[in-house]
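Structural overview
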Amino acid sequence: MTLEEIQPCLQGVVPSIMVTSSKDGIPNATIVSQVYQVDETHVAISNQFFGKTHKNAVENRHAVLQVLNPENLEPWILEIYYQRTETEGDLFDAMEMQLEAIASMSGMSDVFKLKAADIFEVRSVSNLAEAKEI
């Protein structure tokens, strides 16, 4: 499965869930407002409120992301690997604009402010019903 095939899941209509763990193996789950496709093998995660999640991603690099298809709520699991964080540039600007649209639709314009875009390599994409043990 490819990111292109699950594109509806990456439109920001339904929030996603991201799970990380510390270098000591302590898990952390958080809601993600925006998963933005960067290219065929990378996504950017909107970092608005991350503290522990960002720290875990930098320390451990491995994470799991659940995205939902807004048409039927079909869940997809992405195994992702942290690459870098961006706080300016074209990607950041595009994500900031999309996040403003998401915030406006949900009445959260004063709350949703993009601090950074965390870039992850997508290592696998699978339907939750077919997902292998991660």
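In this text, all values refer to a predicted model and were calculated from it rather than measured experimentally.

Under the counting rule described, the total for this entry stands at one aromatic pair. With centroids separated by 5.6 Å and ring planes inclined at 70°, the aromatic side chains of Y82 and F120 adopt a geometry described as edge-to-face. Of this pair, Y82 sits in strand β6 (residues 75–86) while F120 sits in strand β7 (residues 116–127), placing them 38 residues apart in sequence. Residue Y82 is classed as buried on the basis of its relative accessible area, which comes to 7%. The ring centre of Y81 lies 3.9 Å from the NZ or CZ of R123, which sits over that ring.

Examined against the element boundaries, I119 turns out to sit in strand β7. When sequence neighbours within four positions are dropped, the list of residues in contact with I119 reads H42, V43, A44, Y81, Y82, Q83, R84, E86 and L91.

With that settled, the discussion passes to the nonpolar core. With 21 residues, the main nonpolar core has M18, I45, L65, V67, L78, I80 and F120 as its most contacted residues. Of all the secondary structure elements, the ones that give two or more residues to this core are β4 (42–47), β5 (62–68), β6 and β7. Sorting elements by how many residues they give to this core places β6 first, with four residues. Not counting residues up to four positions away in its chain, the partners in contact with I45 are M18, V32, Q34, V35, F50, L65, M95, A116, A117, D118 and F120. Ranked by size, the runner-up nonpolar core spans eight residues in total, among them L91, F92, M95 and L99.

Our next topic: the pattern of salt bridges. This model, assessed by the stated rule, comprises three salt bridges. A salt bridge links R84 to E86; the nearest nitrogen and oxygen atoms lie 2.9 Å apart. Take E86: its relative accessible area is 19%, and that puts it in the buried class. One salt bridge connects R123 with E121, and the closest N-O pair in it is separated by 3.3 Å. Relative accessible area serves as the criterion here: at 25%, E121 is assigned to the partly exposed category.

Next up on the list: helix α1 (residues 52–60). Count 3.6 residues to each turn of an α-helix, and residues three or four apart come out pointing the same way. For α1, the set of buried residues is T53, N56 and A57. Seen end-on, α1 carries its buried residues on one side only, within an arc spanning 100°.

It is worth spelling out the sheet that holds β7 at this point. Within a sheet, adjacent strands bond to each other through the backbone by hydrogen bonds, running parallel or antiparallel. Judged by pairing direction, the sheet is antiparallel, and its seven strands sit side by side in the order β2-β1-β5-β6-β7-β4-β3 without closing on themselves. For this open sheet the edge positions go to β2 (27–32) and β3 (35–39), each flanked by a neighbour on one side alone. For this sheet, the mean angle separating the axes of adjacent strands, direction not counted, is 35°. Bridge count between β4 and β7: six bridges; the pairing is antiparallel. Pairing of N47 across the sheet is with A116, part of β7.

Definitions and limits used
- Residues numbered from 1 in each chain as written.
- Predicted model: local features only at pLDDT ≥ 70, side-chain atom pairs only at ≥ 80, totals over all residues.
- Heavy atoms only, no water.
- Phe/Tyr/Trp six-rings, centres within 6.5 Å; stacked < 30°, edge-to-face > 60°.
- Helix = DSSP H or I, 4+ residues; strand = E, 2+ residues; numbered from the N terminus.
- Buried < 20%, exposed > 50% of the residue type's maximum accessible area, 1.4 Å probe, protein only.
- Lys NZ or Arg CZ within 6 Å of the ring centre and 35° of its normal.
- Contact = heavy atoms within 4.5 Å.
- Core = buried A, V, L, I, M, F, W, Y, C linked by side-chain atoms within 4.5 Å.
- Salt bridge = Lys/Arg side-chain N within 4 Å of Asp/Glu carboxyl O.
- Arc of directions from axis to C-beta.
- Pairing = 2+ DSSP bridges.
- Axes fitted to C-alpha atoms, helices over the stretch in contact; angles between N-to-C directions.

Purely geometric stuff here, so don't read any function into it on its own.
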